[in-house]
Structures are given as C-alpha cells and as structure tokens.
Amino acid sequence: MSERGRPRTFDRTSALRCAMEVFWARGYEGASMSELTAAMGINSPSLYAAFGSKEALFLEATELYSRTEGADIWLALEEAPTARLAIEQFLCLTAKAYAQTDRPQGCLVALGALHQDSSRGAICDDLRRRRAENHSALQKRLERGVAEGELPADFDASAVATFFATVQHGMSIQARDGASYAALLATVAGAMAAWKMLAGTDAA
C-alpha cells in the first residue's frame, strides 16, 4: 500500500530558517503569508501541513533564533572574569551582532511582537518569557559578582540587570533604524559610564 499524501519536497530546517529571517525583519504582524511562502519556497498548504499555523511557525522560528543567534553574547556573559567585563562584553557583542548587514538588524525576541491581543497572546507570552530569561541571566551574573566580592553586598542585581537589558533593547531599536556599529558602540560606552554609580564602587 502506498503512503497517503504526497511526500514533502522541501528541507524543513532550511524553510524554517528562511521563515525566521522574514519574521526577524518584519515582525509577526508584518510578515505576510505570501512573503513567508516565497522565502520558504513552498505554498500555503505545505506551510500549514508542516507547521500547523502562522503562529506555530513563528514560535518554532523564535526557538530556532534563540538557539542559533547570538550565542557568543551569552557565553561571554558567563566566561568573563569580572561582572563589569561581563556586562561590557555582553553589550559590545550585542552591538556587533545587531550591526551585521548580512541578516536583519536588531533582535527578533525584542522586536517580534510588542503588543498583546487575543489573536497573538501566545506569541507575546513566549517573547516575554524569553526576555525574562535574558534578564535572569544578567541578574545571575551580577549576583555572582556580589558573591565573589567584586560588588557590594547591598548591590541591587535585579535593578541593574533591568538597566542593561533595557540598554540592549534600545540598541535593537537603534539597529533596526539603521544605526551603525560605531553608533551602537557609543551607546555601549554611555551605558558603561554608569557602571561606577550603579555598582557603588570605585572600580573602573
């Protein structure tokens, strides 16, 4: 007996990456089905058969983005010998990633969908969760700085993590608006100039 239905004639992983880049550049609402299918090289029935819905495709594309894009940013956060250097490298590598011209500028997790309504609640919830996880990674690195004696015992790791996460989100908007690598590095320099005040130390 022959198998029911026609076999897929496309590379699902490659198609998903193409969809990710469309969502990255256009956002969930801005990415039309015609743009998605054209980029993926498939028709609408094949898209729905493979991924279920536009929403499910976006969620899967965002998971791919989180696994594959900017891994060095978060690795540097963990591996830097001091909290200050960790934050500086985190922001400098963010600037480098966001300014690359061979891919969409900015961050899919920051810009993919910002306003929740009943039609995309799951999408906004997923992106909010991912942003919270990024904040948690920053906070944990700063808390490590407290534990290692680099930062004072009363250091507010959560508040400072919020500050630097906000800087990163702002850099994403700057990059989407066409800011150069040099301009993004200037933002990094401004953010790091606040380190002494935020850390409550005399450390450079």
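All of the points below concern the structure found in this document.

The rules we used
- Residues numbered from 1 in each chain as written.
- Predicted model: local features only at pLDDT ≥ 70, side-chain atom pairs only at ≥ 80, totals over all residues.
- Heavy atoms only, no water.
- Phe/Tyr/Trp six-rings, centres within 6.5 Å; stacked < 30°, edge-to-face > 60°.
- Helix = DSSP H or I, 4+ residues; strand = E, 2+ residues; numbered from the N terminus.
- Buried < 20%, exposed > 50% of the residue type's maximum accessible area, 1.4 Å probe, protein only.
- Core = buried A, V, L, I, M, F, W, Y, C linked by side-chain atoms within 4.5 Å.
- Contact = heavy atoms within 4.5 Å.
- Axes fitted to C-alpha atoms, helices over the stretch in contact; angles between N-to-C directions.
- Parallel < 35°, antiparallel > 145°, perpendicular 65-115°, else oblique.
- Left-handed = near helix turned anticlockwise from the far one by under 90°.
- Salt bridge = Lys/Arg side-chain N within 4 Å of Asp/Glu carboxyl O.

## Quick word on the packing of aromatic side chains
On inspection of all chains with the given rule, the structure shows seven aromatic pairs. Note on F23 and Y28: the rings are 6.2 Å apart at their centroids and 15° apart in plane angle, and the pair reads as stacked. Centre to centre, the rings of W24 and Y65 are 5.0 Å apart; their planes meet at 80°, and the pair counts as edge-to-face. Note that W24 is positioned in helix α1 (residues 12-30) and Y65 in helix α4 (residues 54-68), a separation of 41 residues in sequence. Comparing W24 with Y65 shows no difference in burial state: the two are buried. By way of ring pairs, the aromatic residues F23, Y28 and F58 are connected into one cluster.

## Quick notes on the nonpolar core
Across soluble globular proteins, nonpolar side chains show a tendency to be buried alongside one another. Formed by 60 residues in total, the largest nonpolar core has its most connected members in F23, L91 and L142. Other than its neighbours up to four places away in sequence, F23 contacts Y28, A31, L36, K54, L57, F58, A61 and L108.

## Focus: the packing of α4 against helix α8 (residues 121-147)
Closest axis-to-axis distance for the α4/α8 pair is 10 Å, and the angle between their directions is 10°. Put simply, α4 runs roughly parallel to α8. In terms of crossing hand, the pair formed by α4 and α8 is right-handed. Residue-level inspection shows E55, F58, L59, T62, E63 and S66 of α4 in contact with α8, the latter providing A122, I123, D126, L127 and R130.

## Brief notes about the side chain of H135
Relative to the helices and strands, H135 resides in helix α8. Apart from residues no more than four positions distant in its own chain, H135 is found in contact with S158, A161 and T162.

## So, the pattern of salt bridges
If you walk through the whole model with that rule in mind, you get 13 salt bridges. Taking the shortest distance from any N to any O, the salt bridge between E35 and R26 comes out at 3.3 Å. On the accessibility criterion, E35 (29% relative accessible area) is partly exposed. Given a relative accessible area of 48%, R26 falls into the partly exposed group. Between R130 and E63 there is a salt bridge, with the nearest N and O atoms lying 2.9 Å from each other. Taken as a pair, R130 in helix α8 and E63 in helix α4 lie far apart in primary sequence, 67 residues in all. Judged by its relative accessible area of 7%, R130 is buried. The network of salt bridges with common partners includes E63, R67, D126, R129, R130 and E133.

Honestly, that's just the spatial picture; any functional story needs more than this.
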